[in-house]
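A structural walkthrough
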Amino acid sequence: MANEANRNHLHELRLENREKLTVNSVQEVESFDENTVALLTDQGLLVIRGENLQLKSLSPEGGQVCVNGVIHSIDYEEARKAGGFLKRLFG
């Protein structure tokens, strides 16, 4: 369920031809490499997986991030535990 802070921001994903993903309401880039990008958003941790992924634009004031590459999946992680996500990602 959305809390009051989440209602003030529009969280939106736009995927074009599985090659360009634009995400709004990004609070922080948790990690990125050519196969995985993890973004902390108003709606939780968003994990993008694919090939040749690149962060093409980052707009801190608007919380917008653009990811280019071949996108295979887009998933939300519900619970963030210290070290849990990164351990699963890289461990």
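Computed from a predicted structure; not experimentally measured.

**Concerning the pattern of salt bridges**
Scanning the model with the defined rule gives two salt bridges in all. As a salt-bridge pair, Arg49 and Asp75 come within 3.5 Å of each other at their nearest N and O atoms. With Arg49 in strand E5 (residues 44-59) and Asp75 in strand E6 (residues 64-77), this residue pair connects regions lying 26 residues apart in the sequence. According to the relative accessible area criterion, Arg49 is partly exposed, its value standing at 30%.

**Some remarks on the environment of Ile74**
Residue position: Ile74 is located in strand E6. Sequence-distant contacts of Ile74, that is, excluding residues within four places in its chain, are made with Leu13, Leu15, Leu21, Leu46 and Val47.

**Things to note about unusual backbone geometry**
Unusually for a residue other than glycine, Arg18 sits at a positive phi of about 55°. When you line up the elements, Arg18 lands in the loop between strand E1 (13-16) and strand E2 (20-23). We note that Ser25 has phi near 65°; this positive angle belongs to a residue other than glycine.

Reading the values: rules and limits
Residues numbered from 1 in each chain as written. Predicted model: local features only at pLDDT ≥ 70, side-chain atom pairs only at ≥ 80, totals over all residues. Heavy atoms only, no water. Salt bridge = Lys/Arg side-chain N within 4 Å of Asp/Glu carboxyl O. Helix = DSSP H or I, 4+ residues; strand = E, 2+ residues; numbered from the N terminus. Buried < 20%, exposed > 50% of the residue type's maximum accessible area, 1.4 Å probe, protein only. Contact = heavy atoms within 4.5 Å.

All quantities given are derived from atomic positions and should not be read as evidence of function.
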